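Summary of structural features
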Amino acid sequence: MALAHAILAALVEASCSGYDLAKRFDGSVGFFWSASHQQIYRELSKLEDRGWIRSESIFQAGRPDKRLYSVTDLGEQHLKEWIAQPCEPTPIKDDLLVKIFAGHIVPKQIILAELEHHQKAHQKKLSTYKELEQHYFQNPQELPETDKFQYLTLLNGISYETHWLAWCSQVMDLLNQRIEN
């Protein structure tokens, strides 16, 4: 997936400024497609050149004008075509897995410390996802269609983090058994 598709997906929900898009991106699409604010602003310019989005300048007294971006009909059509195309599963690229694969060359405590670090990060992300679920998606059956599809991505995040934590616990138990023996 290109950043362009992630931006179109975020903008199709509602028009917003580049700044607001970057903030919204951090709290929604950004959970599964990361990009810096700089990358987002560069891509907005490219999308506008392609005619997939348009911008409108909004006057602000005492501050620079704000640009409000929205998806054009052409941009929405492109997004629909992209969604309809099959995609391949994304290959895993994970530094931790490479470290574990070659972990036999360092003391087990180094790998365990790295696993504990990752475990804390995944627990924090799972907690964030659970809070979002509790706050926005208490009754999934009653959600409007747009929100249901956003909830589906959140369910994937919850499942991913839960699975990752279970795997991490299993690996740590196995490594700790080897240390004790």
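These lines cover the structure that appears in this document, whether it is placed above or below. Note that this is a predicted model, so its numbers are computed, not measured.

Concerning the packing of aromatic side chains
In this structure the tally under the stated criterion is three aromatic pairs. On the numbers, 5.1 Å between centres and 35° between planes, the contact of Phe-137 with Tyr-151 is tilted. Highlighted residues: Phe-137 in the loop between helix 6 (108–136) and helix 7 (145–180) and Tyr-151 in helix 7, separated in sequence by 14 residues. Members of the aromatic cluster, joined through ring pairs, are Tyr-136, Phe-137 and Tyr-151. Taking NZ or CZ as reference, Arg-50 lies 4.9 Å from the ring centre of Trp-52, over its face.

A few points about the nonpolar core
Counting residues in hydrophobic clusters, the biggest one holds 21 residues, and the most contacted among them are Ile-7, Leu-11, Leu-21, Phe-25, Ile-40, Leu-44 and Ile-53. Mapped by element, the contributors of at least two residues to this core are helix 1 (3–13), helix 2 (18–27), helix 3 (37–50) and strand 3 (66–71). Top element by residues in this core is helix 1. It accounts for seven residues. Setting aside its immediate chain neighbours within four residues, Ile-40 contacts Leu-3, Ile-7, Leu-21, Ala-22, Phe-25 and Ala-35. Counting residues in each nonpolar core, the second largest holds 17 residues, with Leu-154, Trp-164, Cys-168 and Met-172 among its members.

A look at helix 1
The element helix 1 is extensively covered by neighbouring structure, given that eight of its 11 residues are classed as buried. For helix 1, every residue scored as buried is listed here: Leu-3, Ala-4, His-5, Ala-6, Ile-7, Leu-8, Ala-10 and Leu-11. Contacts made by the buried residues of helix 1 are with strand 1 (16–17), helix 2, helix 3, strand 2 (53–58), strand 3 and helix 4 (73–84).

Conventions adopted
Residues take numbers from 1 onward in each chain, read along the sequence in its written order. The predicted origin of the model limits local features to residues at a pLDDT of at least 70 and limits the giving and counting of side-chain atom pairs to 80 or more, whereas totals for whole chains, interfaces and linings rest on all residues. Side-chain metrics rest on all non-hydrogen atoms present in the structure, leaving aside hydrogens and water. Classification of ring pairs rests on two measures: the distance between centres of Phe, Tyr or Trp rings, Trp counted by its six-membered ring, which must be within 6.5 Å, and the angle between planes, read as stacked under 30 degrees, edge-to-face over 60 and tilted in between. Strands are runs of DSSP state E lasting at least two residues, helices are runs of H or I lasting at least four, and both sets are numbered from the N terminus onward. Geometrically, a charge over a ring is one whose NZ (Lys) or CZ (Arg) sits within 6 Å of the ring centre while staying within 35 degrees of the ring normal. Take the buried Ala, Val, Leu, Ile, Met, Phe, Trp, Tyr and Cys residues and link them wherever side-chain atoms come within 4.5 Å; each set so joined is a nonpolar core. For the exposure calls, accessible area comes from a 1.4 Å probe over protein chains only, and a residue counts as buried if that area is under 20% of its type's maximum, exposed if over 50%, partly exposed in between. In this description, contact between two residues means that some pair of their heavy atoms is separated by no more than 4.5 Å.

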